[in-house]
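# A look at the structure
Spelled out from the first residue to the last, the chains are:
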Amino acid sequence: MQALIPTPASGVWRLRLAWTQVYVLTDGRQFMLVDTGLCYERHQLQAALKERHLSRCAGILLTHGHCDHAGNAAWAKSQWNAPCFAHKNEAPFLETRRTYVPKGRRACSLKGVMFAGGEWVYPVQRLKLDGYLQDGDEIETPAGLWRVFHTPGHTPGHISLFREADGALLSGDALLNTIPFQQRIGLSIPAPLFNSYTPQVFQSARRLATLQPRILLPGHGPPMESQLTACLWNYIRTLRF
C-alpha cells in the first residue's frame with residue numbers, strides 16, 4: 001500500500017501514484033487535497049488518508065482537469081462531502097462533456113488519439129464545482145495561506161499554488177521534475193503533445209520562476225529545494241519562447 005510521504009514544506013504530504021501524485025495539505029486534524037489521481041486509484045488515496053487518521057476534508061483543489069489529476073474529484077467530493085474548486089476555464093471540461101481532444105482534423109492526430117484513449121480508459125466523472133478559482137485568489141487551508149496563479153498552456157485553466165511564508169510552490173503540470181518520456185529526474189515542462197498551447201506553457205513557467213520559490217512540489221516527479229531558484233532560472237533560459 002502506498003503511504004503519504006512528508007515533503008520539505010510544512011503540513012504538505014504527497015501520495016505517489018502511477019502517473020502523478022496527490023498532495024495533502026493538513027494540520028493533522030483536517031485536510032485539503034490538491035488533485036486526486038486516476039479514477040482507479042481512489043482506494044489507494046482512501047487507504048493512505050485512513051492510515052494517517054485523516055477523515056475531515058475541508059476541500060479539493062484541482063490544478064486542472066486531466067484524467068490523472070481529476071479522476072477522483074467527483075468521488076472525493078461525495079466521499080467526504082467536501083467542496084471542489086478549479087479555475088473557471090477548466091469548468092467546461094469538469095462540469096460538462098467538453099473534451100480535451102482537439103477539434104476538426106486534429107482529432108485524428110496522435111494528440112487526439114492519445115487524449116481520446118485516455119478519456120475512454122480513465123474517465124473523469126463530471127461534477128458541479130463549488131466555486132471558480134481566479135488568479136490572485138488567496139486560499140486558507142489546513143496548511144496555511146496559498147495564493148492562486150493562473151498558469152495556462154498545459155490546459156486553458158491550469159493553476160499553481162504558492163505559499164509565500166516558505167516559498168513552497170505546488171506547480172501542478174506547469175513545472176515538472178521529471179523529463180517526459182526519459183524516465184529520469186530533472187526540471188521540465190510537459191511535452192507539446194499534452195498541451196493546449198505550448199507557448200503559454202513557456203510563459204507560465206517563466207512567471208513561476210519570478211516568484212523565486214524555495215520548494216517545488218510538482219505534479220510529476222519528486223519535490224525539489226536545493227538551489228531551486230538558480231536551477232529554475234538556468235532551465236528557463238534553455239526554453240525557446
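Residues numbered from 1 in each chain as written. Predicted model: local features only at pLDDT ≥ 70, side-chain atom pairs only at ≥ 80, totals over all residues. Heavy atoms only, no water.

## Some remarks on the overall build of the chain
We count it as follows: For helices the rule is a DSSP run of H or I covering at least 4 residues; for strands it is a run of E covering at least 2, with both sets numbered from the N terminus onward. Our radius of gyration looks at C-alpha atoms and nothing else; its globule reference is 2.2 Å times the residue count to the power 0.38. Accessible area is worked out with a 1.4 Å probe on protein chains only. A residue is then buried under 20% of its type maximum, exposed over 50%, and partly exposed in between. Computed by Shrake-Rupley with a 1.4 Å probe, the accessible areas treat only the displayed protein chains as cover when residues are assessed. In this tally, Lys and Arg are treated as positive and Asp and Glu as negative; His is ignored, and so are the chain termini. Where a charge lies is defined by one atom per residue type: Lys uses NZ, Arg uses CZ, Asp uses CG and Glu uses CD.
A tally of helices and strands in the chain yields seven helices and twelve strands. Taking 18 Å as the expected radius of gyration for a compact globule of 241 residues, we find that the chain reaches 17 Å, a close match to that expectation. Expressed along its principal axes, the backbone C-alpha trace of the chain runs to roughly 50 × 40 × 35 Å. Across the 241 residues that make up the chain, the buried fraction comes to 54%. Summing over all exposed atoms, the chain offers an accessible surface of approximately 11200 Å²; the carbon and sulfur share of this is 52%. Of note, the chain has its 25 positive side-chain charges centred 6 Å away from the centre of its 17 negative side-chain charges.

## Section: the nonpolar core
Here is the rule we go by: For this analysis, a nonpolar core means a set of buried residues of the types Ala, Val, Leu, Ile, Met, Phe, Trp, Tyr and Cys, connected via side-chain atoms within 4.5 Å. Should any heavy atoms of two residues lie within 4.5 Å, those residues are counted as being in contact.
With 33 residues, the main nonpolar core has Leu33, Leu49 and Trp80 as its most contacted residues. For this core, the leading source of residues is helix 3 (residues 73-79), giving four residues. Not counting chain neighbours up to four residues away, the residues in contact with Trp80 comprise Phe31, Leu33, Leu49, Ser55, Cys57 and Trp75. With 20 residues, the next largest nonpolar core counts Ala205, Met224, Leu232 and Leu239 among its residues.

## Details of empty space enclosed by the protein
Keep this limit in mind: Residues are said to line a cavity or pocket when one of their atoms sits within 4 Å of a point; the points come from a 1 Å grid over protein atoms alone, cavities being sets where a 1.4 Å probe fits but cannot get out and pockets being open sets with protein on both sides within 12 Å along at least five of seven lines. Grid points are joined across faces, edges and corners, and a volume is the space filled by probe spheres set on the points. Only Asp, Glu, Lys and Arg are considered charged, only Ala, Val, Leu, Ile, Met, Phe, Trp, Tyr, Cys and Pro nonpolar, and every remaining residue, Gly among them, polar.
Throughout the structure, instances matching the rule amount to one cavity of 30 Å³ or more. Lining the largest cavity, in full, are Gln21, Tyr23, Val34, Asp35, Thr63, Leu170, Gly172, Leu217, Pro218 and Gly219. Those elements that place two or more of their residues in the lining of the largest cavity are strand 3 (21-26), strand 11 (168-172) and strand 12 (215-218). Partitioning the lining of the largest cavity into residue classes produces five nonpolar, four polar and one charged.

## Comments concerning the pairing of strand 5 (residues 56-61)
Sheet faces and side chains relate simply in a regular strand, where the side chains alternate between the two faces. Short version of the rule: The pairing criterion for strands is at least two bridges between them, as found by DSSP. If you view a crossover with the strands going away from you and the path from the first strand over the helix to the second runs clockwise, you call it right-handed.
Here five bridges tie strand 4 (residues 30-34) to strand 5, and the two strands are oriented parallel to one another. What sits directly across from Met32, in strand 5, is Gly59. The β-α-β motif built from strand 4, the intervening helix 1 (residues 42-51) and the parallel element strand 5 has right-handed crossover chirality. Where strand 5 lies against strand 6 (residues 84-87), two bridges are found, and the strand directions are parallel. In the strand pairing of strand 6, Leu61 is matched with Phe85.

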